[in-house]
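# What the coordinates show
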Amino acid sequence: MVGLARPPRLRCRVLEPACANAPFLQAFTEAYGNHHKLVGVEIDPQRLSDARKCLPRATFIEGDFLLWQPETRFDIILGNPPYGIIGDASHYPIHALRARKSLYRQNSRTWRGKFNIYGAFIEHATRLLAPDGVLVFVVPASWLALDDFKLLRAYLAAQGRLSVYYLGKAFPKRNVSVVVLRLQKGAQGLALYDGTDHLALERAAYAGEMIRFETDELLQMERQGVPLGELFDIRFAARSPEVRRHPAVRREPADGYVPVLTGRNLHAGWIDYDTCYSGLWMAHERAAELRAFYGTPHLVVAHTKGARVVCAYDARCYPWREEFHLIPRAEGVNAEAVMAYLNSPLVQRYVQTLYRDLTPHLTRAMLARVPLPLSGCSPRT
Ligand SMILES: C[S@@+](CC[C@H](N)C(=O)[O-])C[C@H]1O[C@@H](n2cnc3c(N)ncnc32)[C@H](O)[C@@H]1O
């Protein structure tokens, strides 16, 4: 990362946000000398005392980086921002800053959905760059593919040239796939590297689309097929709190009640209707009160099994608490053929090659783009 942040002039202004003991500023000084103007921002004063000892000539600011509005702009910004969704302690890792979330949102142009604190760091850092400045951050890979980062991708694309280095699970003990992001402000285009130097994809123009490991073969598949999302409306299952609150749902089995199904009941080509993993049972004939489409036999696709497509046909119209539900947009779709195709090795390879482990789950947008062959599956044939 320090190598990607080579100083463009003799004396640069260099910033490390959320610097803790400022490891990046230290490495930068070792590589390029101690004549640059170094600034670190850190919210926790205890972490700053180490930083001050190591770099006595640098300026350290105690404060919240996301609310920090300096007068000057920086030639180089580098570091490892915090990661995590901001929310309450029972569900989300970043709860100390929960009270500030609405302020962060107000200050951000790209915040969308649950977002993630690292997205807000990327946007704010980009705003603090000089017109030809460079940002180098190591962050989770999820922004390449998730819809919540659509605005951030478009913003970055408009600001400069993006180079993205995919490193996979580079941090021992942390189950997160990461990338190094380098933004050269004022330039254009996109380059995706697999590791530190293998160029996997290059675009002279980039407007914020999902960043995927595209190959000619997979793009050809997409050109020749019909996207799944064109043939099916892809809906989410009813959420847990809604299921639990429903008057026809109970916590033990009873006559006429069936298990509320979860991802664990779903297998490629078949559904285990007997085991209750949710701990909830529901009056079978009232399942459609949760979602109207539960009342009609339909295809179910896993959301929770990583970058794998697992599909089965729910012929018995059970209630569900998880997964995607495929509702045909027109008559004549051959559900059996679609199921077999989605479970095929070809589709697994398509999904795993394009998206690897960028996100922990298969997303609706990924599923909607899976191309179905024109023969067999589609009513258009
Ligand atoms: C180097 S960063 C993140 C490292 C790693 N990516 C993670 O998520 O655990 C950790 C440092 O960020 C600081 N920090 C967290 N939120 C901050 C904020 N809003 N402004 C400034 N510093 C912050 C913490 O106090 C901590 O010292």
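Calculation notes
Residues numbered from 1 in each chain as written. Predicted model: local features only at pLDDT ≥ 70, side-chain atom pairs only at ≥ 80, totals over all residues. Heavy atoms only, no water. Buried < 20%, exposed > 50% of the residue type's maximum accessible area, 1.4 Å probe, protein only. Helix = DSSP H or I, 4+ residues; strand = E, 2+ residues; numbered from the N terminus. Pairing = 2+ DSSP bridges. Axes fitted to C-alpha atoms, helices over the stretch in contact; angles between N-to-C directions. Parallel < 35°, antiparallel > 145°, perpendicular 65-115°, else oblique. Left-handed = near helix turned anticlockwise from the far one by under 90°. Contact = heavy atoms within 4.5 Å. Nonpolar A, V, L, I, M, F, W, Y, C, P; charged D, E, K, R; others polar. Domains from an automatic or database assignment. Buried area = accessible area lost by both parts, 1.4 Å probe. Salt bridge = Lys/Arg side-chain N within 4 Å of Asp/Glu carboxyl O. Phe/Tyr/Trp six-rings, centres within 6.5 Å; stacked < 30°, edge-to-face > 60°. Lys NZ or Arg CZ within 6 Å of the ring centre and 35° of its normal.

Burial analysis of strand S4 (residues 74-79) places 6 of its 6 residues in the buried class, which makes it a mostly covered element. Relative to S4, strand S1 (residues 13-17) runs parallel, the two sharing 2 bridges. Along S4, the bridge assignment pairs Val14 with Ile76. As paired elements, S4 and strand S5 (residues 129-140) share 5 bridges and run parallel to each other. If you follow Gly79 over to S5, its bridge partner there is Phe137.

Right, let's get into the packing of helix H6 (residues 216-224) against helix H10 (residues 345-355). Following both chains from N to C, one finds H6 and H10 inclined at 120 degrees, their axes separated by 11 Å at the closest point. The orientation of H6 with respect to H10, classified from their angle, is oblique. Here the hand of the crossing between H6 and H10 comes out left-handed. Two secondary-structure elements touch here, H6 through Glu217, Leu218, Met221 and Glu222 and H10 through Leu346, Arg349, Tyr350, Thr353 and Leu354. Class assignment for the residues of the contact of H6 with H10 results in 5 nonpolar, 1 polar and 3 charged.

Taken as a whole, the protein chain is organised into domain 1 (3-211) and domain 2 (217-372). Each partner contributes to the interface: domain 1 provides 13 residues, whereas domain 2 provides 10 residues. Both faces considered, domain 1 and domain 2 share a buried interface measuring about 900 Å² in area, 63% of it formed by carbon and sulfur atoms. When the buried area of domain 1 at its contact with domain 2 is split by residue, Ala145, Tyr166 and Met210 rank highest and sum to 45% of it. Here domain 1 is connected to domain 2 by 2 salt bridges. We note a salt bridge from Asp357 to Lys169, for which the minimum N-O separation is 4.0 Å.

A word on the packing of aromatic side chains. Counting across every chain of the model gives 13 aromatic pairs. Between Tyr83 and Tyr118, the ring centres sit 6.2 Å apart and the planes meet at 80 degrees, which makes this aromatic pair edge-to-face. With Tyr83 in the loop between S4 and helix H3 (101-107) and Tyr118 in helix H4 (residues 117-127), this pair connects stretches of sequence that are 35 residues apart. Since its relative accessible area comes to 12%, Tyr83 is described here as buried. With a relative accessible area of 0%, Tyr118 lands in the buried category. Within the aromatic cluster, the residues linked to one another by ring pairs are Tyr83, Trp111, Phe115, Tyr118 and Phe149. When the ring centre of Phe236 is taken as reference, the NZ or CZ atom of Arg239 above it lies at 4.8 Å. The ring of Phe213 has Arg356 lying over it, and the distance from NZ or CZ to the ring centre is 3.7 Å.

This structure, assessed with the given rule, holds 17 salt bridges. Between Arg212 and Glu222 there is a salt bridge, and its shortest N-O distance comes to 2.9 Å. You can see Arg212 sitting in the loop between strand S9 (198-203) and H6 and its partner Glu222 sitting in helix H6, a full 10 residues away along the chain. The residues Arg212 and Glu222 share a single accessibility class, namely buried. The salt bridge partner of Glu252 is Arg250, with a shortest N-O separation of 2.9 Å. Relative accessible area serves as the criterion here: at 40%, Glu252 is assigned to the partly exposed category. Overall, Arg250 belongs to the partly exposed group, its relative accessible area being 31%. The network of salt bridges with common partners includes Arg203, Arg212, Glu214 and Glu222.

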